[in-house]
Amino acid sequence: MTVGISALKRYTPRLQKHRALYVLTLAQPNNNTPLIKIEHATVMRGDHPGLKDFNLQIAQGESLAILGPNGAGKTTLLKLIGREIYPLVKPETKVEICGEEHLDIRHYRRRIGIISQDLQAGYESATPGLEVVISGFFDSISLWQHHNIENSQIQTARETMALLGIEHLQDV
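Residues numbered from 1 in each chain as written. Predicted model: local features only at pLDDT ≥ 70, side-chain atom pairs only at ≥ 80, totals over all residues. Heavy atoms only, no water.

Draft legend 1. Here's a closer look at the overall build of the protein. Within the protein one finds 4 helices and 7 strands. Scanning the protein from its N terminus toward the C terminus, one meets helices and strands in the order β-β-β-β-β-α-β-α-β-α-α. Counting only residues that meet the buried cut, the protein has 40% of its 172 residues in that class. In the protein, of all internal contacts separated by at least 6 residues, the share reaching a separation of at least 24 is 66%. With an accessible surface of roughly 10,400 Å², the protein has 50% of that area assigned to carbon and sulfur atoms. (Helix = DSSP H or I, 4+ residues; strand = E, 2+ residues; numbered from the N terminus. Buried < 20%, exposed > 50% of the residue type's maximum accessible area, 1.4 Å probe, protein only. Contact = heavy atoms within 4.5 Å. Areas by Shrake-Rupley, 256 points an atom, 1.4 Å probe, with all protein chains shown as cover.)

As structure tokens, then:
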């Protein structure tokens, strides 16, 4: 990996104190196919590579924290995973989600949760933390009347906030 991302670590709660933290929370495992597989990806950001010959594999059911200084490639990686940007086309380059290179983005977004500091710009400052977390189930900024929130989603959101040590933000 020739990118400046300083750490791709299997998630542990102590990592929450880092300023530039991105946590990918992944669906429970249902087979041996990697949830995300990136091989030899080079992604250009302007005239410079945001990622160069980048490789990463994440198993289903695994969580991962991405740490690094500004300009290291963290956001570029998340946008690549979220199919907001694409790598240069080369024979050796692969970006697979659940074993598929060409997958409807709406289909797999329900299986991957990405938490990033960039999301906060879309929320009103008075939005409770629990609502922010629950909105992730709907791939949405905020909750709307048409969202049917299940008790299991509320419970999962509360458990996730506790794991991250941010349960005190549920009502804030």
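Picking up where we left off.
Draft legend 2. Inspection of helix α1 (residues 74-81) at higher detail. Within α1, 6 of the 8 residues are buried, which leaves it mostly tucked inside the rest of the structure. Those residues of α1 that sit buried are K74, T76, L77, L78, L80 and I81. Count one or two residues on from α1 and you reach R83, which has phi positive near 60 degrees.

Draft legend 3. Focus on the pairing of strand β3 (residues 36-45). Where β3 lies against strand β4 (residues 48-58), 7 bridges are found, and the strand directions are antiparallel. Of the residues in β4, the one forming a bridge with K37 is Q57. Two successive antiparallel strands, β3 and β4, enclose a turn made up of 2 residues, where G46 displays a positive phi of approximately 75 degrees. Pairing between β3 and strand β6 (residues 94-97): 4 bridges, direction antiparallel. Among the inter-strand pairings, K37 is bridged to a residue of β6, identified as E96. (Pairing = 2+ DSSP bridges.)

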